[in-house]
Amino acid sequence: MNIPMLDLKGQYKKIKEEVDSSIHKVIDSAAFINGPEVHSFEKNLADYLGAKHVIACANGTDALQIAMMALELKPGDEVIVPSFTYAATAEVVGLLGLVPVLIDVEPDTFNVKTSQIEAAISSKTKAIVPVHLFGQGADMDKVMEIAAKHNLFVIEDNAQAIGAVHTHSDGRKSHYGTIGHIGCTSFFPTKNLGCYGDGGALITNDSSLAERVRMITDHGQKVKYHHDIIGCNSRLDTIQAAILNIKLKNLDSYSESRYKAAQMYKELLNGLSDVILPAEASYSTHVYHQFTIQLPSHNRDELKDFLAAKGIASMVYYPMSLNNQKAFSEISRVEADLTNSELLTSRVISLPMHTELTPEIQRIIAQAVREFFGK
Ligand SMILES: *Cc1c(COP(=O)(O)O)cnc(C)c1O
């Protein structure tokens, strides 16, 4: 038996003809860089998200870096980041000479613990980066309220939750990635909206910020060979944009497949007292980038090995919180209690989750988990 975490081949098969012809169209046109598909994809994604501007770039890490450059954050400025996230979120903070200030996450949603934000703010704090982890959005009403009060920028790391929708306290709905001053996302192949290589984008409703972002992605120039600011070279390939145009049309149905699979897991794993199932927040839809369960009984690694012996893949996102990572130990500031982040690193395990999962495969996986617990 071989049950992988992902089935990108199975997903491709269903859109193969359309994708193959779009790729060949780009090759025939030879407009490999900055071709018309890049602009149409930017427009299509902006329309889908209900945002004014989408600027494509080379990957999600670049998007975060470019966001911080465009907001003119300067070395020594502090940026508040949750300690339970993928390292890229804090890495760009360090790369730009900014100081990551680490705070904890909620034990049930894995997202930023908003009650710790204010105590982490100093006179140097300029921005906060809520990460919408595993497909579910952070409590953005609280984040935006605190940011407004303290005059902070909000940079959403939406690499894992594209398509998820936030319900504001007044009932309005917004796509995650469009709520903060700027949103960042990734089209890495395994993400919910993945291309067939690297890709990323920035999202904003602020037109002057969008103009700066666009300049930074293109060597700081607006007029060719007139470089007004220091930028970088960060582009989405035309071929990737052509693929993304096709996959974007399917994104809502992909999200639905993931959601259905998650509900199926919850049914199949129901009643196991040793397993904490993923929580769904009232203010966010969940697009299940990952289906992550918690094992409070400290036998997470044994379950992983048990599943592996049966040919069932699983992954630990993430085995270490940022405060314990060597790269961040010297440059970050930690003032909050990071108990939840540290506890989660020893408890979490993600089961196979993708658009091609079938109830049959899920039954095999759930049966194996039950067998591990003797149930
Ligand atoms: C994937 C990811 C990124 C980085 O995206 P890349 O395209 O791989 O550079 C950043 N933050 C989070 C939370 C991610 O999951």
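Cut-offs applied
Residues numbered from 1 in each chain as written. Predicted model: local features only at pLDDT ≥ 70, side-chain atom pairs only at ≥ 80, totals over all residues. Heavy atoms only, no water. Buried < 20%, exposed > 50% of the residue type's maximum accessible area, 1.4 Å probe, protein only. Helix = DSSP H or I, 4+ residues; strand = E, 2+ residues; numbered from the N terminus. Contact = heavy atoms within 4.5 Å. Pairing = 2+ DSSP bridges. Axes fitted to C-alpha atoms, helices over the stretch in contact; angles between N-to-C directions. Parallel < 35°, antiparallel > 145°, perpendicular 65-115°, else oblique. Left-handed = near helix turned anticlockwise from the far one by under 90°. Nonpolar A, V, L, I, M, F, W, Y, C, P; charged D, E, K, R; others polar. 1 Å grid on protein atoms, 1.4 Å probe; cavity = no way out; pocket = protein on both sides within 12 Å on 5 of 7 lines; lining within 4 Å. Points joined across faces, edges and corners; volume = space filled by probe spheres on them. Domains from an automatic or database assignment. Phe/Tyr/Trp six-rings, centres within 6.5 Å; stacked < 30°, edge-to-face > 60°. Lys NZ or Arg CZ within 6 Å of the ring centre and 35° of its normal. Near = heavy atom within 4 Å. Polar contact = N/O pair within 3.5 Å; in protein donor to acceptor, adjacent residues only side chain to side chain. Areas by Shrake-Rupley, 256 points an atom, 1.4 Å probe, with all protein chains shown as cover. Right-handed = clockwise from strand over helix to strand, strands pointing away.

## Some words on helix 3 (residues 60-70)
In terms of burial, helix 3 is a largely internal element, 10 of the 11 residues being buried. Contacts made by the buried residues of helix 3 are with strand 1 (53-57), helix 4 (88-95), strand 5 (153-157), strand 8 (182-186), strand 9 (200-204) and helix 7 (207-217). Of the residues trailing helix 3, glutamate 72 is marked for its positive phi of about 60 degrees.

## Some points on the pairing of strand 8
A regular strand places its side chains so that they alternate between the two faces of the sheet. Among the 5 residues in strand 8, 5 count as buried, and that is most of the element. Of the pairings in the sheet, the one linking strand 5 to strand 8 comprises 3 bridges and is parallel in character. Note on strand 8: the bridge partner recorded for isoleucine 155 is isoleucine 182. Judged from the 4 bridges that link them, strand 8 and strand 9 form a sheet pairing that is antiparallel. Residue pairing for strand 9: glycine 183 is matched across the bridge by isoleucine 203.

## Digging into the packing of helix 3 against helix 7
Between helix 3 and helix 7, whose axes approach to 9 Å, the crossing angle comes to 120 degrees. In terms of their interaxial angle, helix 3 and helix 7 are classed as oblique. Note that helix 3 runs across helix 7; the crossing there is right-handed. On helix 7, the residues touching Ile66, Met69 and Ala70 of helix 3 are Leu209, Arg212, Val213, Ile216 and Thr217. Tallied by class, residues from the contact of helix 3 with helix 7 come to 6 nonpolar, 1 polar and 1 charged.

## What about the layout of surface pockets?
The volume enclosed by the largest pocket comes to roughly 540 Å³. Looking at the lining of the largest pocket, the elements with two or more residues in it are helix 3, helix 4 and strand 8. Both domain 1 (8-103 + 111-249) and domain 2 (251-372) contribute no fewer than three residues apiece to the lining of the largest pocket. Quantified by volume, the second largest pocket comes out at close to 300 Å³. Taken together, 16 residues form the lining of the second largest pocket, with Asn34, His39, Arg214, Thr217 and Asp218 sitting closest to its centre. Of all the secondary structure elements, the ones that give two or more residues to the lining of the second largest pocket are helix 2 (36-49), strand 1, helix 7 and strand 10 (221-223). It is helix 7 that provides the largest number of residues to the lining of the second largest pocket, a total of 4 residues.

## Describing the packing of aromatic side chains
Enumeration according to the criterion identifies 14 aromatic pairs in this entry. Here the aromatic rings of phenylalanine 41 and phenylalanine 187 are separated by 5.3 Å at their centres, their planes lie at 75 degrees, and the arrangement is edge-to-face. Taken together, the residues span a long stretch of sequence, with phenylalanine 41 in helix 2 and phenylalanine 187 in the loop between strand 8 and strand 9 at a distance of 146 residues. No difference in accessibility class separates phenylalanine 41 from phenylalanine 187, as the two residues are buried. Taken together, the ring pairs connect Phe84, Tyr86, Phe110, Phe134, Tyr317 and Tyr318 into an aromatic cluster. Positioned over the ring face of tyrosine 225 is lysine 224, at 5.0 Å from the centre of the ring.

## A word on the site of the ligand
Around the ligand, 13 residues are found, and the nearest of them are Gly60, Thr61, Gln160, Ser186 and Lys191. In this structure, an oxygen atom belonging to the ligand sits 2.5 Å away from a side-chain N or O atom of threonine 61. A distance of 2.7 Å separates an oxygen atom of the ligand from a polar atom in the side chain of lysine 191. For the ligand, the protein covers 92% of the area, taking 380 Å² as the surface of the free molecule.

## Considering the pairing of strand 4 (residues 125-128)
Where strand 2 (residues 78-82) lies against strand 4, 3 bridges are found, and the strand directions are parallel. When the bridges of strand 4 are listed, valine 79 appears paired with alanine 127. The pairing of strand 4 with strand 5 spans 2 bridges and is parallel. Each bridged residue has a counterpart across the sheet, and for isoleucine 128 the counterpart in strand 5 is valine 154. Tracing the backbone out of strand 4, into helix 6 (residues 140-150) and back to the parallel element strand 5 gives a crossover that is right-handed.

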